[in-house]
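Residues per chain are reported as follows:
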Amino acid sequence: ALGEAAQQLVRWANAGLSLWVAVNVSARQLRGGVLARQYREAVTLSGCDAQRLEIELTEHTLIENIDENLRILTELRDLGARIAIDDFGTGLSSLAYLKRLPLDKIKIDRSFVSDLPSDRSDSAIIAAAASMARVLGLRVVAEGVETEAQLQAVCALGCDLAQGYL
């Protein structure tokens with residue numbers, strides 16, 4: 001998947017498009033220490049811009065073996081990878097990990113977006129997460145945006161990007 005994503009980035013760049021691709025990584029892929037090598041190979045063989053090939057991991061994946069994962073994520077970051085936490089807010093991780101891990105982005109889970117703009121609790125959670133992320137220097141993506149009203153709400157709550165069927 002990394003190799004194909006890297007090659008697609010090059011095709012898009014050659015067509016004049018400046019995009020990025022995020023590849024979801026499982027706990028199994030993170031273990032074993034081969035992910036950084038695979039990432040380096042994908043970038044080197046394709047010639048893509050490493051900062052446009054993003055790695056996404058869930059909160060649960062990150063905290064399974066935090067010390068080893070920190071080492072691997074630091075190695076990936078040193079290679080130029082952008083790293084995002086997917087489904088943010090649904091795991092059991094400590095907020096302290098946000099400060100400790102070399103992250104670039106959090107992706108707020110769609111479960112907090114689906115009832116916007118009417119659900120005040122979800123609005124408060126998104127605003128708090130976006131505010132905290134901004135202080136930590138992280139970008140915020142709202143997942144599952146499917147209506148104009150949801151898009152307007154997540155923008156007003158401080159999200160940088162929206163992802164969904166809209």
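Just above, that's the structure.
Nothing here was measured: the structure is a model prediction, and the numbers come from that model.

A. Focus on the nonpolar core. Leu2, Tyr39, Leu53, Ile55, Leu57, Leu76 and Ile106 are the most contacted members of the largest nonpolar core, which totals 47 residues. In contact with leucine 2, other than residues within four places in its own chain, are Val23, Leu35, Gln38, Tyr39, Ala42, Leu53 and Ile55.

B. A look at helix α7 (residues 120-135). With 16 residues, α7 ought to run about 22 Å at 1.5 Å a step, and its terminal C-alpha atoms sit 23 Å apart, in line with that. Among all positions in α7, only Asp122, Ser123, Ile126, Ala129, Ala130 and Ala133 are buried. Buried residues of α7, seen end-on, are gathered within an arc of 135° and therefore sit on one face of the element. Of the exposed residues in α7, those oriented more than 90 degrees away from the buried face are Arg120 and Val135. Where α7 is buried, its residues contact β3 (82-88), β4 (105-108) and β5 (139-143). Capping the start of α7, aspartate 119 holds a side-chain oxygen 2.9 Å from the backbone nitrogen of serine 121, two or three residues further along. Taken from the residues just after α7, glycine 137 is the one with a positive phi, measuring 80°.

C. Focus on helix α1 (residues 2-14). In this model, α1 (13 residues) spans 18 Å end to end at C-alpha, consistent with the 18 Å of a helix rising 1.5 Å per residue. If you check which residues of α1 are buried, you get Leu2, Ala5, Ala6 and Leu9. Each buried residue of α1 sits inside an arc of 100° when the element is viewed along its axis, so together they form one side. Along its buried surface, α1 packs onto β1 (21-24), α3 (35-46) and β2 (53-58).

What counts and how
Residues numbered from 1 in each chain as written. Predicted model: local features only at pLDDT ≥ 70, side-chain atom pairs only at ≥ 80, totals over all residues. Heavy atoms only, no water. Core = buried A, V, L, I, M, F, W, Y, C linked by side-chain atoms within 4.5 Å. Buried < 20%, exposed > 50% of the residue type's maximum accessible area, 1.4 Å probe, protein only. Contact = heavy atoms within 4.5 Å. Helix = DSSP H or I, 4+ residues; strand = E, 2+ residues; numbered from the N terminus. Expected span 1.5 Å × (residues − 1). Arc of directions from axis to C-beta. Polar contact = N/O pair within 3.5 Å; in protein donor to acceptor, adjacent residues only side chain to side chain.

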